[in-house]
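Structural features, examined
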Amino acid sequence: MVDFICDYYSRIQSLPVVPHNKNGYIKSVLPSEAPEEPKSFESMMEDMEGKVLPGVTHWQSPTFFAWYPANSSFPAMLADMAAGALNMIGFSHQASPVGTEMEEVMLDWLAKACGLPTRFHVGAPGPGGGVIQGTSSEAVLVALLAARARTMRGRPPEDALRLVAYASDQTHFCYDKACRIGAVRHVRHVATTLDADWALRADDLAHAMRRDVEDGLIPFFVVATVGTTATCAVDPIAAVVEVATMHSAYVHVDAAYAGSAALAPELRHLFAGLEGVDSYSFNPHKWMLTNFDCCAMWVADRGPLLEALSISSYLVPDSGSIDYKDWQIPLGRRFRALKLYFVLNMYGTRALASYVRHHVALAAEFASRVAADSRLELAAPQCLGLVVFRVRGADDARNRALLNAINASGRVFISSTMLGGRLALRLAVGGSNTQLRDVDVAWEVLQHTLEDIAGAAAP
Ligand code: PLP
């Protein structure tokens, strides 16, 4: 298997980034029932080649520029193999002490490497701490549940019907999902505009909250984003905290993609104000060379989280130890801290910061080419590794044709978004092995496709 993995990475550039097979192809080559008799490992490896790879979208290709990156690295892969071998279900300290204790230490290492506020450190005096969730969606959901528990303290149960949550209209849909799961009836999406670079305006938030209070509602939860999905917009955390605090509302900051940027001290200004928030999360599995899944989450006070999620049961806690089952939705949990241990040790924080800078510089290079091409325009300012652009003066149909033709080339894969009701194309630089030559490939494919489309449109 290790040979297969090494071989895969050595030939990944020769594979089309997106598979060309028709929908249903993979199902058609799989038998309809499990075999009664065991198959050999060799025949399984043949299936990897003949049945699995033809259906893979190659997220690890250096010319994969769609959505946001999902980094992999050999240190993280090897750690995951070891974690798979140990296969411990570390829901409590007793269930596997190293699972809990290494996670506490890794979250502190990561918090320090990113310059996060001391109140988040597990090792600092105070009620803060960190936990690894599977995904940012889970982090937003548990933050919402903690906010609800905190706000409902001492209130009659019917007050739950008056709770209101807030986020900008650029917030990831995991906010809406969390509100639905948490049975929040009043869910606000504060409008954003290009003038404010698609970021939440604190005045608009304040206005929405005031109006709700006048209507007898209870603001309880705000999600601010550093690095929105569509354009990597950055909500002003300090100003959001100031507004939310007036209503004792809980603030969670979701930096799913952008959080890794804090490894580079000169990019930490994007995170100014974090010292005032109740919780914060980002995905090392996006842009920190840590294979999926790994969402680092910190809380300033673990009390509300435990109030929301701790159920006393047959599992008697060891006194004084963290039982991470009380910080998450499921009981069982994987040994994800081991991936962080390998990645942080085998790269070191200095190289990880350089890694982030490298992608930001590549994105800046692509953005400058877009800005210099009179046929194109930036649809949002380039932020970190993301460039959002479109054909100047063209309608959505033309931009969609461009997107489809670029992706049909098989050489690169990019995605799109709707911004202010108009289609825009997204090129997210951040692949584990992406270099300038790969950005050059994206530029070359874009140029050819623009010419082809112009040629096709000509009379
Ligand atoms: N939040 C933001 C800002 C995102 O960009 C994404 C996904 O790209 C998510 C949340 C959801 O991430 P996850 O898959 O970890 O739930």
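Residues numbered from 1 in each chain as written. Predicted model: local features only at pLDDT ≥ 70, side-chain atom pairs only at ≥ 80, totals over all residues. Heavy atoms only, no water.

Some points on the sheet that holds strand E9 (residues 386-391)
Reading across from one edge, E8-E9-E11-E10 is the order of the four strands in this open sheet, with antiparallel pairing throughout. Two strands lie at the open edges of the sheet, namely strand E8 (376-378) and strand E10 (415-419), each paired on one side alone. Between one strand and the next, the sheet's axes are offset by a mean angle of 40°, whatever the strand orientation. Taken together, the four bridges between E9 and strand E11 (residues 422-428) define a ladder with antiparallel strand orientation. Along E11, the bridge assignment pairs Val388 with Arg426. Along the sheet, helix H13 (residues 349-372) makes contact with E8, E9 and E11, crossing E9 at roughly 20°. Docked against the sheet, helix H14 (residues 396-408) engages E9, E10 and E11, running at close to 25° with respect to E11. (Pairing = 2+ DSSP bridges. Helix = DSSP H or I, 4+ residues; strand = E, 2+ residues; numbered from the N terminus. Axes fitted to C-alpha atoms, helices over the stretch in contact; angles between N-to-C directions. Contact = heavy atoms within 4.5 Å.)

Points about the state of the cysteines
Going through the model one piece at a time under the given rule, you end up with zero disulfides. As a non-bridged cysteine, Cys232 has Cys383 as the owner of its nearest cysteine sulfur, 3.5 Å distant. Of the residues examined, Cys232 reaches a relative accessible area of 1% and is grouped as buried. Cys295 takes part in no disulfide bond, and the closest cysteine sulfur to it belongs to Cys294, at a distance of 7.6 Å. (Disulfide = S-S within 2.5 Å. Buried < 20%, exposed > 50% of the residue type's maximum accessible area, 1.4 Å probe, protein only.)

A few points about the site of the ligand
The ligand sits among 14 residues. The nearest are Ser136, Ser137, Thr229, Asp254 and Asn283. One nitrogen or oxygen atom from the side chain of Asn283 is found 2.9 Å from an oxygen atom belonging to the ligand. Against a free-state accessible area of 400 Å², the protein chains account for coverage of 86% of the ligand. If you list the elements that add at least two residues to the shell around the ligand, you get helix H6 (136-152) and helix H10 (284-287). (Near = heavy atom within 4 Å. Polar contact = N/O pair within 3.5 Å; in protein donor to acceptor, adjacent residues only side chain to side chain. Areas by Shrake-Rupley, 256 points an atom, 1.4 Å probe, with all protein chains shown as cover.)

Some thoughts on the environment of Ala230
Among the secondary structure elements, Ala230 is positioned in the loop between strand E4 (218-225) and helix H9 (237-246). Residue class for Ala230 comes out buried when judged on its relative accessible area of 10%. Sequence-wise, Ala230 and Ser416 are 186 residues apart; in three dimensions their C-alpha atoms are separated by 8.2 Å. Among residues more than four places away in sequence, those in contact with Ala230 are Gln170, Leu386, Val388, Thr417 and Arg426.

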